[in-house]
Amino acid sequence: MVEILKNDPSDFEGLKEWEYKEHFYTLKTEYGDMNIHYIDEGSSSENTVLLLHGEPDWGYIYRKFIDPLVAAGVRVVVPDLPGFGKSDKLSERSSYTYEKYVNWMETWMKDLELNNITLFGQDWGGLIGLRLVAENEDMFKNVVISNTALPTGDISAGKAFEDWKNYAQTVENFHAGGIIKGGTVKGLDQYVIDAYNAPFPDDSYKEAARQFPMLVPVTPDNPSSQKNREAWEVLKNWNKPFLCVFSEQDQIFNGVDKAFTKLIPGCQNQPHKTIQGGHFIQEDNPEECIEAILHVLAL
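Cut-offs applied
- Residues numbered from 1 in each chain as written.
- Predicted model: local features only at pLDDT ≥ 70, side-chain atom pairs only at ≥ 80, totals over all residues.
- Heavy atoms only, no water.
- Helix = DSSP H or I, 4+ residues; strand = E, 2+ residues; numbered from the N terminus.
- Rg over C-alpha atoms; globule rule 2.2 N^0.38 Å.
- Contact = heavy atoms within 4.5 Å.
- Areas by Shrake-Rupley, 256 points an atom, 1.4 Å probe, with all protein chains shown as cover.
- Lys, Arg positive; Asp, Glu negative; His and termini not counted.
- Charge placed at Lys NZ, Arg CZ, Asp CG, Glu CD.
- Buried < 20%, exposed > 50% of the residue type's maximum accessible area, 1.4 Å probe, protein only.
- Pairing = 2+ DSSP bridges.
- Phe/Tyr/Trp six-rings, centres within 6.5 Å; stacked < 30°, edge-to-face > 60°.
- Lys NZ or Arg CZ within 6 Å of the ring centre and 35° of its normal.
- Axes fitted to C-alpha atoms, helices over the stretch in contact; angles between N-to-C directions.
- Left-handed = near helix turned anticlockwise from the far one by under 90°.
- Nonpolar A, V, L, I, M, F, W, Y, C, P; charged D, E, K, R; others polar.
- Right-handed = clockwise from strand over helix to strand, strands pointing away.
- 1 Å grid on protein atoms, 1.4 Å probe; cavity = no way out; pocket = protein on both sides within 12 Å on 5 of 7 lines; lining within 4 Å.
- Points joined across faces, edges and corners; volume = space filled by probe spheres on them.
- Salt bridge = Lys/Arg side-chain N within 4 Å of Asp/Glu carboxyl O.

Caption draft 1: Structural detail: the overall build of the protein. When helices and strands are tallied, the protein shows 11 helices and 10 strands. Here the C-alpha atoms of the protein give a radius of gyration of 18 Å, agreeing with the 19 Å that 2.2 N^0.38 yields for 299 residues. Taken over the C-alpha atoms alone, the protein extends approximately 45 × 45 × 40 Å along its principal axes. The long-range share in the protein, meaning contacts at least 24 apart out of those at least 6 apart in sequence, stands at 77%. Of the accessible surface of the protein, which amounts to about 12400 Å², a share of 46% is contributed by carbon and sulfur atoms. Mean positive and mean negative side-chain charge positions of the protein (27 and 46 charges, respectively) differ by 3 Å.

Caption draft 2: Representation of the pairing of strand β2 (residues 23–29) within the structure. Burial of the side chains of β2 is restricted to one face: His 23, Tyr 25, Leu 27 and Thr 29 are buried, whereas none of Phe 24, Thr 26 and Lys 28 on the reverse face is. Pairing between β2 and strand β3 (residues 32–41): seven bridges, direction antiparallel. Directly across from Leu 27, in β3, lies its bridge partner Met 34. Between the antiparallel neighbours β2 and β3 lie two residues.

Caption draft 3: Expanded view of the packing of aromatic side chains. Under the criterion given, the structure shown has 22 aromatic pairs. Ring geometry for Tyr 62 versus Phe 65: centroids 5.0 Å apart, planes at 90°, classification edge-to-face. Both residues of the pair, Tyr 62 and Phe 65, count as buried. Aromatic ring contacts, followed pair by pair, group Phe 84, Tyr 96, Tyr 98, Tyr 101, Trp 104, Trp 124 and Phe 212 into a single cluster. Its guanidinium or amino end placed over the ring of Tyr 191, Lys 16 lies 5.1 Å from that ring's centre, counting from NZ or CZ. A cation over an aromatic ring shows up here: Lys 86 above the ring of Phe 12, its NZ or CZ 5.3 Å from the ring centre.

Caption draft 4: Seen up close, the packing of helix α4 (residues 159–170) against helix α7 (residues 207–215). Packing of α4 against α7 leaves a shortest axis separation of 9 Å and a crossing angle of 145°. Crossing of α4 over α7 shows left-handed handedness. Where α4 approaches α7, its residues Phe 161, Trp 164, Lys 165, Ala 168, Gln 169 and Thr 170 are matched on the opposing element by Arg 210, Pro 213 and Met 214. Across the contact of α4 with α7, the residue classes tally to five nonpolar, two polar and two charged.

Caption draft 5: Local environment of the pairing of strand β7 (residues 117–122). Most of β7 is tucked away: six of the six residues are buried. Where strand β4 (residues 48–52) meets β7, five bridges bridge the pair, whose relative direction is parallel. Across the sheet, Thr 48 pairs through a bridge with Ile 117, a residue of β7. With six bridges joining them, β7 and strand β8 (residues 140–146) adopt parallel strand pairing. If you follow Phe 120 over to β8, its bridge partner there is Val 144. Once the chain exits β7 it traverses helix α3 (residues 124–135) before rejoining the sheet at β8, and the crossover so formed is right-handed.

Caption draft 6: Spotlight on the layout of surface pockets. When its volume is computed, the largest pocket comes out at roughly 1100 Å³. The wall of the largest pocket is formed by 42 residues, among which Ala 157, Phe 161, Ile 252, Phe 253 and Val 256 lie closest to the centre. Looking at the lining of the largest pocket, the elements with two or more residues in it are α3, α4, α5 (176–182) and α9 (257–263). With five residues, the top contributor of residues to the lining of the largest pocket is α4.

Caption draft 7: Quick look at the pattern of salt bridges. Tallied over the full model, the rule gives 19 salt bridges. Where Arg 131 meets Glu 99, a salt bridge forms, and the shortest distance between an N and an O atom there is 2.6 Å. Taken together, the residues Arg 131 in helix α3 and Glu 99 in helix α2 (residues 98–111) connect sequence positions 32 residues apart. When sorted by exposure, Arg 131 lands in the same class as Glu 99, which is buried. Here Lys 236 and Glu 233 are joined by a salt bridge, their closest N and O atoms 3.2 Å apart. Under the relative-accessibility criterion, Lys 236 is labelled partly exposed at 33%. Salt bridges linked by common partners bring Glu 17, Arg 63, Lys 64 and Glu 283 together as one network.

Caption draft 8: Geometry of the sheet that holds β3. With respect to topology, eight strands assemble into an open sheet ordered β2-β3-β5-β4-β7-β8-β9-β10, the strand pairing being mixed. Each end of this open sheet is capped by a strand with a single partner; those strands are β2 and β10 (273–275). On average, adjacent strands in this sheet sit at an angle of 25° to one another, irrespective of strand direction.

Caption draft 9: Spatial organisation of unusual backbone geometry. Cis geometry marks the peptide bond from Glu 55 to Pro 56, where omega comes out at 0°. With respect to the helices and strands, Pro 56 occurs in the loop between β4 and α1 (63–71). Residues other than glycine seldom take positive phi values, yet Asp 123 does so here, at roughly 55°. When you line up the elements, Asp 123 lands in the loop between β7 and α3. Judged by relative accessible area, Asp 123 falls into the buried class, the value being 9%. For Asn 147, which is not glycine, the phi torsion reads 50° and is therefore positive. Within the secondary structure layout, Asn 147 lies in the loop between β8 and α4.

Here you go:
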């Protein structure tokens, strides 16, 4: 039987740089009611910036984005994906699928009545976020992505990804904070590492983090491959601003931005950048990411 695991508030005691008001949305699932935690800051501006994280991090990775964007006059919404951060977790790894994540986050997004959205998606924030964009075009006005992809399995994911997938399944101690530190070039202070470990008080809470690499469509017959192909067909006709800020030192996604800039009309005449930083660019170079978001918003 699949259990819904809830963090004790004490797991997050003493977090630095994260004093935002908690919001919880109750998602109806086949396993019962599951809470999605999110941050909702800023004005009632018509512009909403949706910041979607990847793995094994959570909304905390956007702590340097929120105040500057709010100061620019926009609403900033930062959810924790189910299985991460302060959101509830499922006890069985196989309970998580790519399609469930898309459906869960679409339900959350629609029930919150988010509109005029500028997406910033990195890692799984892009894999999920770009599906949300393609399947809900009218809700989005801009897209900014970094170190992500929309894979269909028709092209090899490469050795670096296969190594990561193998690591995630076999390493005895899946140390989220250490993994995120290893994906930066500047390193992390201990209190930041502790914050990334906070959602996972024991291994039973880590099933989503371990499962995510297995959900990437790396073969053409993956259950999500066709859905992603369909999303690509939508994006090939996307004329709204679409900006890529990928990082130079990301071994998995370096160069993947070329697929987007070549195929998506909205990429034309945008100041795409390859910037300094590792996979977790939000830690290494938040300033240029924020600049990209403000550019597409014309602020």
